[in-house]
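Report on the structure
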Amino acid sequence: MTDAADGPPVSSPARAARDGVVLGLVVGTSGLAFGAAAVTSGLTVAQACVLSLLAYTGASQFALAGAVAGGGSLIAGVAGAVLLGSRNGLYGLRLAGLLRARGLPRILAAHGITDESTAVALAQLTPAAARAGFRGTFASLYLTWNLATLAGALGAGRLGSPASFGLDVVGPAAFLALLWPRLREGRTERGVALAGMVIALGATPFCPPGLPVVLAATAALGAALMPGTPDTGGGQPA
Amino acid sequence: MTGLWMAVLATAVGCYALKLAGLTVPQRVLASPRARRFAGLVPVALLAGLTAVEALGHAQSLSVDPARLAGLGAAIIALALRAPFLVVILAAAGTAAALRALGIG
């Protein structure tokens, strides 16, 4: 989902906006998968659409749908979903200096922060191109993601058994796809991922559904406090 | 209002608040390398936990569903081949659906 960051950096605002629009169109179609998974999980079409309109962050939306399907504590489900959205806060910290938005523009720009808009903005060489890329991605991804959610939610209701279409694999496959680029980054990431899996699976028999995923976050705490682990993302030694 | 609607709205409010907080709080919040490292690793731990629980969890127990695991295997192959997101999802769902149509899983 962050392939845009892999390409050569570009600096023309027009080109950045166009790249963002294309990426938004491509990635936004996965809203089909979310809409279908949400309705299969027991959310209504309206609830699936409100999540895409207002939460507008794929991983958290899939996480809430998964918690609803598991039939566990909704509070734990919300906690897991919001915790997963914390990375958008980090993106915001990195984007603040580039977007330089105040007042209403900032309130709008905040809503547009996703993996994709951040990747496009941070791949640009100039702040003007970063802003154009961010806006282009936001506009096209928001529109596509929401229309696709509606289509997927309406379509899923007409299917017979969700499992016969493999819809129960959509959630875990989506998480794996989001996790994959992080696993390439280094040993620390792979260790944290393994520990997160072990913690979540180990806690499953003893906790209401949803809570094991929240507990998995302690794997990140352990790795961050461990001395000598390399810094992630910045490449600077701690 | 039902509990489900409250969960939907709480998720939406929480996710938006975090985005806005990121644009609003002073940059020095992440000055400490440890805080930055923790913040960067949280999604890794959560996504891994989610993948594992949704692949093997069944309410409060663990169970093996061959078709679901094969679907995830197909997703891994698609990811290793650098397939786009939607192709990964389609490969996973299609594999599980095909195996179930054949009576496996």
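Source: prediction; values computed, not measured. (Residues numbered from 1 in each chain as written. Chains lettered and ligands numbered in written order. Predicted model: local features only at pLDDT ≥ 70, side-chain atom pairs only at ≥ 80, totals over all residues.)

What to know about the overall build of chain B
If you tally the helices and strands in chain B, you get four helices and two strands. Secondary structure elements of chain B, listed N to C terminal, follow the sequence α-α-β-β-α-α. Taken against the 2.2 N^0.38 rule, which gives 13 Å for 105 residues, the C-alpha radius of gyration of chain B at 19 Å runs more than 25% over that of a compact globule. Going through the 105 residues of chain B one by one, you find that 50% of them count as buried. (Helix = DSSP H or I, 4+ residues; strand = E, 2+ residues; numbered from the N terminus. Rg over C-alpha atoms; globule rule 2.2 N^0.38 Å. Buried ≥ 20, exposed ≤ 12 C-beta atoms within 10 Å, placed from the backbone.)

Considering the domain arrangement of chain A
All names here are of chain A. One can read the domain layout of chain A as domain 1 (3-168) and domain 2 (185-238). Opposite the ten residues of domain 1 that make contact, domain 2 presents seven residues. Those elements giving two or more residues to the side of domain 1 that touches domain 2 turn out to be α4 (58-70) and α5 (74-84). With five residues, the single largest contributor to the side of domain 1 that touches domain 2 is α5. Taken together, the residues of the side of domain 1 that touches domain 2 sort by class into four nonpolar, six polar and no charged. (Domains from an automatic or database assignment. Contact = placed C-beta atoms within 7 Å. Nonpolar A, V, L, I, M, F, W, Y, C, P; charged D, E, K, R; others polar.)

Quick look at the domain arrangement of chain B
Per the domain assignment, the segments of chain B are domain 1 (1-31), domain 2 (32-62) and domain 3 (64-105). The centre of domain 2 of chain B, based on its C-alpha atoms, is set 21 Å off from the matching centre of domain 3 of chain B.

Structural notes on the interface of chain A and chain B
Facing the 92 residues of chain A at the interface are 64 residues of chain B. Ranked by residues supplied to the side of chain A that touches chain B, first place goes to helix α10 (residues 170-183) of chain A with twelve residues. When its residues are assigned to classes, the side of chain A that touches chain B shows 62 nonpolar, 24 polar and six charged.

Remarks on the environment of Leu51 of chain A
Looking at where Leu51 of chain A falls in the secondary structure, it is placed in helix α3 (residues 45-55). We classify Leu51 of chain A as buried; it has 31 C-beta atoms within 10 Å. In this structure the C-alpha to C-alpha distance between Leu51 of chain A and Phe62 of chain A, which are eleven residues apart in sequence, comes to 9.9 Å. With residues up to four places along the chain from it excluded, the contact list for Leu51 of chain A reads Ala38, Gln61 and Leu64 of chain A together with Val8, Thr11 and Ala12 of chain B.

Describing the nonpolar core
Among soluble globular proteins, nonpolar side chains are generally buried collectively. Counting residues in hydrophobic clusters, the biggest one holds 120 residues, and the most contacted among them are Val170, Ala173 and Ala220 of chain A together with Ala45, Ala75 and Ala92 of chain B. The greatest single-element share of this core, amounting to 14 residues, is contributed by helix α2 (residues 33-56) of chain B. (Core = buried A, V, L, I, M, F, W, Y, C linked by C-beta atoms within 7 Å.)

Things to note about the packing of helix α6 (residues 86-99) of chain A against helix α1 (residues 3-24) of chain B
Direction vectors running N to C along α6 of chain A and α1 of chain B enclose 25°, while the axes themselves pass 6 Å from each other. Viewed along their axes, α6 of chain A and α1 of chain B adopt a mutual orientation that is roughly parallel. Crossing geometry of α6 of chain A relative to α1 of chain B is assigned as right-handed. From α6 of chain A, Ser86, Asn88, Gly89, Leu90, Tyr91, Gly92, Leu93, Leu95 and Ala96 of chain A reach across to α1 of chain B, where they touch Cys15, Leu18, Lys19, Ala21, Gly22 and Leu23 of chain B. In terms of residue class, the contact of α6 of chain A with α1 of chain B is made up of nine nonpolar, five polar and one charged. (Axes fitted to C-alpha atoms, helices over the stretch in contact; angles between N-to-C directions. Parallel < 35°, antiparallel > 145°, perpendicular 65-115°, else oblique. Left-handed = near helix turned anticlockwise from the far one by under 90°.)

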